[in-house]
Amino acid sequence: MSKKTRLATAIFAFSGAAVLSAPAAFAAEPGAEDLKRQIETLQRTLGELQKQVETLQQNSNGATQNDLDGIRSDFENYKYDRERERERETAKTARDTTLFGTVQVRYQAQDRGTRSGNPAPNGDRYNTFDIPTALIGARGNLFRDYVEGKNLEYQLSFSYNKRADGSNNANLNLLDAYVRYNFLPTVDGIEGDRLTLTVGQQLLPFGIEAQAAEDLRPTITTATAPAQLGLFNRQIGAVFRGDFKPYVDYAANYRAPLFEYALGVVNGSYSNKLDNNNGKAVVARTAFTLPVDYASWLRELKFGLSLYKGSKNVAGAGGGNLDSHGRQDIYGFDIYYNHAPYGATYEYWQGRADFANVNGVGTGEARSVGHTLTLFYTFGDQFFNSIKSAAKFDDFWPQSIQSYYRFDYYNPNSKGDLLNTPGHGFDTVRIHTLGFNWFFAQTTKLQIGVNHYDYKHETASRKDYNEFLAQLQYTF
Amino acid sequence: MKKLFYGLLGALGLGLGLANAAPAAESPQELRIAISSAGVGGKPKFGGSWLANVHLKRWVEEEFEKDGIKVIWYLFPGAGPATNEAFSNKKVDFGFHGDLPLIVGRSTGLKHKIILSTGRFAPLYFVVPSGSTAKTIADLKGQKIGSFKGTSQQLLLNRLLKRHGLAEKDFRVINQDSYAARTSLATGDIGGTITSPWSLEARGVAKRILEIRDDKFLHTPGTLWVGEEFEAKYPHIVQRLVNVLVKGAHWSSQEENREEQFRLWTQSGNQYADYKNDWSTYALKDRHSPLLDEYYVNIIKNSVAECKEFKLIRNDVTVDDWIEPKYLHAALKELGLENFWTPLDKEANPVK
């Protein structure tokens with residue numbers, strides 16, 4: 001029997017006893033004073049019992065009307081605060097949007113004086129601070145398909161560029177401006193195939209490093225060949241990307257698409273520009289990943305082939321156009337291996353491009369060749385999905401130090417002096433880089449690197465040199 | 001600068017050499033325990049087993065702090081697959097797993113030894129949105145079913161479907177963790193899922209179309225393992241840990257601690273009502289058994305066979321050489337608990 005029930009029974013019994021005892025009292029013919037005292041006693045007792053009932057009600061687990069009124073009032077206050085906050089203090093967009101950005105702050109020192117990068121120098125410099133990258137953008141969903149996940153997404157970003165006129169001003173140039181549609185369902189988890197179409201200005205699906213956005217590139221300076229061949233430039237066009245036959249190891253939620261592919265058409269005239277001739281560039285890529293379990297030492301071993309086939313305007317010495325369908329082809333082969341803590345990437349590029357001969361008569365083909373080998377060894381846990389997604393209350397993020405060595409080679413014209421000037425002003429170069437990336441917060445890393453540049457043909461203005469770089473990169 | 005370059009190269013080589021030449025110690029500096037579960041919204045708390053009580057009451061920390069051994073609990077919202085990923089990369093020494101990721105991990109070459117069971121039996125509910133017209137699972141043919149693939153939920157779903165003459169291919173099974181699946185039930189984005197219904201029903205967003213409470217072969221027991229390398233190096237530490245854990249299982253099995261542990265588990269963000277109702281028809285002692293008895297061995301063997309049948313593993317898995325009961329036996333003896341939990345035979349009958 002609960003306390004409440006016992007109390008109610010006691011009240012009932014007490015009242016009953018009082019009523020039953022009444023005839024006996026009359027039988028003894030009590031005086032008016034006695035009756036008055038009995039009534040007063042009864043009233044006091046009832047009052048005490050009433051207080052006990054109220055106390056029990058207050059101490060019971062059930063909510064009282066006051067409790068409910070209090071919660072209702074709190075809830076109304078909360079709703080009011082939220083409405084006002086949203087109205088006055090929240091940036092709003094018409095669609096789901098995420099703001100993002102990347103900033104790099106760099107210190108560079110070298111053992112040979114240089115004036116490179118400054119259009120109006122007063123003398124050589126041996127070291128400088130720099131902001132090589134500062135970009136901001138937004139990405140989100142234009143249409144969200146809740147049933148299949150065939151979403152329509154967008155990305156828009158801008159990056160600053162130093163002006164080449166010697167002023168202290170900068171330009172804000174358009175980087176990404178595209179919409180992407182997912183043709184295949186994305187709600188089926190990691191077993192499904194993927195197919196997207198991206199239309200607009202975007203990175204090219206070529207090789208490994210050229211596809212990586214600014215914040216994801218592993219080294220402070222990029223590989224020479226894709227930079228010289230223009231592969232880091234975004235282009236305007238339409239590109240299909242997808243994969244099929246993914247090998248899934250649910251033991252570790254590991255997905256290895258057996259075949260990845262990309263096929264697209266772009267202007268071939270680089271960023272923020274209409275096409276400069278009547279020929280479009282075709283870009284294609286395929287990659288094969290070994291279908292092995294996550295625990296295998298061969299996991300994340302991928303082989304890729306890439307092709308860029310474009311046409312260029314070949315300008316003559318006098319500024320005239322010698323050929324508006326000049327060759328501009330790039331072939332690529334890459335190997336990617338990532339088995340933490342070890343990692344390695346290798347990329348090979350071969351470019352074939354027409355140039356005007358130095359004598360101004362006709363055109364010739366330059367065949368450029370580049371290789372980049374990068375070896376990684378990582379200390380720390382940031383690259384393990386399990387550890388970095390572990391449940392936590394605070395801003396915990398596992399730290400990692402990724403040490404690496406890179407060998408970078410680029411020969412702008414393996415045909416030698418066909419055009420009479422090796423590499424049209426750029427020489428064959430070998431670059432050895434030793435460095436590390438310290439990932440000390442979720443989206444922030446400190447990068448330290450030492451580069452040794454070894455040119456095949458040293459000139460008065462181009463000599464071998466060594467360079468020290470320290471860069472802090474943050475993204476949000 | 002060239003000297004600096006080659007100096008750095010040398011230092012890196014030396015650093016790598018030193019890192020690989022760390023001397024062996026009698027005790028580890030850390031005990032790293034992976035839990036294939038986490039609280040609502042990624043809270044580092046979990047509930048529903050005696051292991052959760054040991055974690056929430058910090059009993060392992062108390063045991064090892066006098067030796068300066070740091071205890072690190074990794075609670076993975078990515079559940080069993082995340083635990084396997086971490087163990088593959090030598091980031092954890094002990095793991096708490098459901099049957100499917102445990103078996104799949106071993107089938108792909110992970111080396112560990114099963115040292116304890118973390119509990120057994122549970123009710124099973126198949127829950128659909130409150131507006132659903134489905135009366136049976138078969139009524140949901142062709143619809144989306146939420147399941148956390150790679151976890152024991154996937155094997156449980158396959159097992160349940162088979163009993164109804166159905167298979168995954170009869171539905172569109174999408175990969176969702178349990179919290180996402182509960183949200184999808186509320187929004188009607190899936191046809192149904194296996195989950196605890198009580199708090200969802202109280203909100204009026206979902207309802208049960210199936211409830212099974214007395215089947216001892218639907219849910220499989222939870223498992224705690226130790227990495228073979230760690231066990232070979234520090235068997236005395238494994239024994240001390242098992243002693244603490246068995247003590248925790250004993251405390252959890254006391255009926256007078258029923259309410260306290262349900263309230264502890266709500267720190268995970270899950271509802272008290274779910275725990276109270278899910279456990280209402282069971283004796284704590286039955287569900288919190290840490291024993292590796294015939295019932296445990298048999299049901300894990302069944303799970304291995306089912307994994308092969310449902311094509312969830314590609315390689316064979318042996319069970320008898322996987323289980324290492326000596327730590328459990330020593331702990332039961334030391335704590336005088338040899339007769340506290342009743343071992344079950346293959347058919348889940350008490351062994352007299």
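J.: Account for the overall build of chain A, with residues named and values stated.
T.: In terms of helices and strands, chain A carries 5 helices and 16 strands. On C-alpha atoms alone, chain A measures out to a radius of gyration of 37 Å, which is more than a quarter above the 23 Å that the 2.2 N^0.38 rule sets for 476 residues. Its C-alpha atoms give chain A principal-axis dimensions of about 145 × 55 × 45 Å. Counting across all 476 residues of chain A, residues that qualify as buried make up 26%. Contacts spanning at least 24 positions in sequence make up 58% of the contacts within chain A whose residues lie at least 6 apart.

J.: Could you give me a rundown of the overall build of chain B, with the residues and numbers involved?
T.: Assigned secondary structure in chain B consists of 15 helices and 10 strands. Against the 2.2 N^0.38 benchmark of 20 Å for 352 residues, chain B shows a C-alpha radius of gyration of 22 Å, consistent with a compact globule. Projected onto its principal axes, the C-alpha coordinates of chain B cover approximately 75 × 60 × 40 Å. Put simply, chain B has 352 residues, and 47% of those count as buried.

J.: Lay out the environment of L335(B) in plain terms, naming residues and giving numbers.
T.: Residues and elements named next belong to chain B. Of note, L335 is situated in the segment after α15 (326-334). With 14 C-beta atoms counted inside 10 Å, the residue L335 sits in the partly exposed group. As a C-alpha pair, L335 and V244 span 91 residues in sequence and 9.9 Å in three-dimensional space. Discounting chain neighbours no more than four positions away, the residues touching L335 are N243, V246, K247 and H250.

J.: Account for helix α7 (residues 178-187) of chain B, naming residues and giving values.
T.: All names here are of chain B. Those residues of α7 not exposed but buried are S178, A181, R182, S184 and L185. For α7, the angular spread of the buried residues around the axis is 160°, confining them to a single face. Of the surrounding secondary structure, the elements contacted by the buried residues of α7 are β5 (124-129), β6 (144-147), β8 (192-194), α8 (198-202) and β9 (206-212). Backbone geometry just after α7 places G188 at a positive phi near 75°.

J.: Would you mind going over the sheet that holds strand β10 (residues 223-227) of chain B in detail, with residue names and values included?
T.: Residues and elements named next belong to chain B. Pairing is mixed in the open sheet, where 5 strands are placed in the order β2-β1-β3-β10-β4. Looking at strand neighbours, the two that pair on one side only are β2 (70-75) and β4 (112-117), the edges of this open sheet. Neighbour-to-neighbour, the strand axes of the sheet open up by a mean angle of 20°, direction not taken into account. Relative to β2, strand β1 (residues 30-35) is paired through 6 bridges, and the arrangement is parallel. Note on β2: the bridge partner recorded for I33 is W73. Here helix α10 (residues 235-252) sits on the sheet in contact with β1, β4 and β10, set at roughly 25° to β4.

J.: If you had to explain unusual backbone geometry to someone new, which residues and values would you point to?
T.: Cis geometry marks the peptide bond from A340(A) to P341(A); its omega dihedral reads 10°. Along the chain, P341(A) falls in the loop between β10 (321-339) and β11 (342-356). The phi dihedral of K245(A) is positive, around 55°, even though this residue is not glycine. K245(A) sits in the exposed class, given 11 other C-beta atoms within 10 Å. Here A348(B), not a glycine, exhibits a phi torsion of approximately 70°, which is positive. Position of A348(B) among the secondary structure elements: in the segment after α15.

J.: Please give an account of the nonpolar core that cites residues and values.
T.: For soluble globular proteins, the rule of thumb is that nonpolar side chains tend to be buried together. Residue and element names in this part refer to chain B. By size, the foremost hydrophobic cluster in this structure holds 95 residues, and its most contacted members are A34, Y74, I115 and V242. Counting residues per element, this core draws most heavily on α10, at 7 residues. Look past the residues within four positions of A34 in its chain and what remains in contact with it is Y74, F76, T83, A86, F87, V92, F94, G95 and F96.

J.: Residue-level account of the packing of α10(B) against α15(B), with values.
T.: Residue and element names in this part refer to chain B. Where α10 meets α15, the axes come as close as 9 Å, and the angle between the chain directions of the two elements is 55°. If you check the angle between α10 and α15, you find them oblique. When you trace α10 past α15, the crossing you get is right-handed. In this structure, α10 uses V238, Q239, V242, N243 and V246 to contact α15, whose residues at the interface are Y327, L328, A330, A331, L332 and E334. Looking at the contact of α10 with α15 residue by residue, the class counts come to 8 nonpolar, 2 polar and 1 charged.

J.: Before we move on, could you go through the domain arrangement of chain B and cite the residues and values that matter?
T.: Residue and element names in this part refer to chain B. Looking at the assigned domains, one finds that chain B contains domain 1 (30-121 + 220-334) and domain 2 (124-212). At the junction of the two partners, domain 1 supplies 20 residues and domain 2 supplies 14 residues. Elements supplying a minimum of two residues to the side of domain 1 that touches domain 2: α4 (79-88), α5 (99-107), α12 (272-278) and α14 (294-309). Broken down by element, the residue count for the side of domain 1 that touches domain 2 peaks at 4 residues, all from α12. Residues that form the side of domain 1 that touches domain 2 fall into these classes: 10 nonpolar, 6 polar and 4 charged.

J.: Break down the interface of chain B and chain A for me, citing the residues and quoting the values.
T.: With 38 residues of chain B at the contact, the number on the chain A side is 31 residues. Only α1 (2-20), β2, α4, α5 and β7 (172-175) of chain B provide two or more residues apiece to the side of chain B that touches chain A. Grouping the constituent residues of the side of chain B that touches chain A by class yields 20 nonpolar, 12 polar and 6 charged.

J.: Give me the sheet that holds β8(B): which residues, what numbers.
T.: One key point about sheets: their strands pair by backbone hydrogen bonds, in either a parallel or an antiparallel sense. Residue and element names in this part refer to chain B. If you trace the 5 strands from one edge of the open sheet to the other, you get β7-β6-β8-β5-β9, paired in mixed fashion. Two strands in the sheet have a free side with no partner beyond their single neighbour: β7 and β9. For this sheet the average axis-to-axis angle between neighbouring strands, irrespective of direction, equals 25°. Here 4 bridges tie β6 to β7, and the two strands are oriented parallel to one another.

J.: Let's hear about α10(B): which residues, and what values?
T.: The first and last C-alpha atoms of α10(B) sit 25 Å apart over 18 residues, in line with the 26 Å expected at 1.5 Å per residue. Among the residues of α10(B), those classed as buried are I237(B), V238(B), R240(B), L241(B), V242(B), L245(B), V246(B), G248(B), A249(B), H250(B) and S252(B).

J.: Could you give an account of the packing of α4(B) against α5(B), naming the residues involved and the relevant values?
T.: Residue and element names in this part refer to chain B. α5 packs onto α4 with a crossing angle of 30° between their chain directions and a minimal axis gap of 8 Å. Classed by the angle they form, the pair α4 and α5 counts as roughly parallel. Note on packing geometry: the crossing formed by α4 with α5 is right-handed. Between α4 and α5, the contacting residues are G80, P81, T83 and N84 on the first element and L100, P101 and G105 on the second. Residue composition of the contact of α4 with α5, grouped by class: 3 nonpolar, 4 polar and no charged.

Reading the values: rules and limits
- Residues numbered from 1 in each chain as written.
- Chains lettered and ligands numbered in written order.
- Predicted model: local features only at pLDDT ≥ 70, side-chain atom pairs only at ≥ 80, totals over all residues.
- Helix = DSSP H or I, 4+ residues; strand = E, 2+ residues; numbered from the N terminus.
- Rg over C-alpha atoms; globule rule 2.2 N^0.38 Å.
- Buried ≥ 20, exposed ≤ 12 C-beta atoms within 10 Å, placed from the backbone.
- Contact = placed C-beta atoms within 7 Å.
- Arc of directions from axis to C-beta.
- Pairing = 2+ DSSP bridges.
- Axes fitted to C-alpha atoms, helices over the stretch in contact; angles between N-to-C directions.
- Core = buried A, V, L, I, M, F, W, Y, C linked by C-beta atoms within 7 Å.
- Parallel < 35°, antiparallel > 145°, perpendicular 65-115°, else oblique.
- Left-handed = near helix turned anticlockwise from the far one by under 90°.
- Nonpolar A, V, L, I, M, F, W, Y, C, P; charged D, E, K, R; others polar.
- Domains from an automatic or database assignment.
- Expected span 1.5 Å × (residues − 1).

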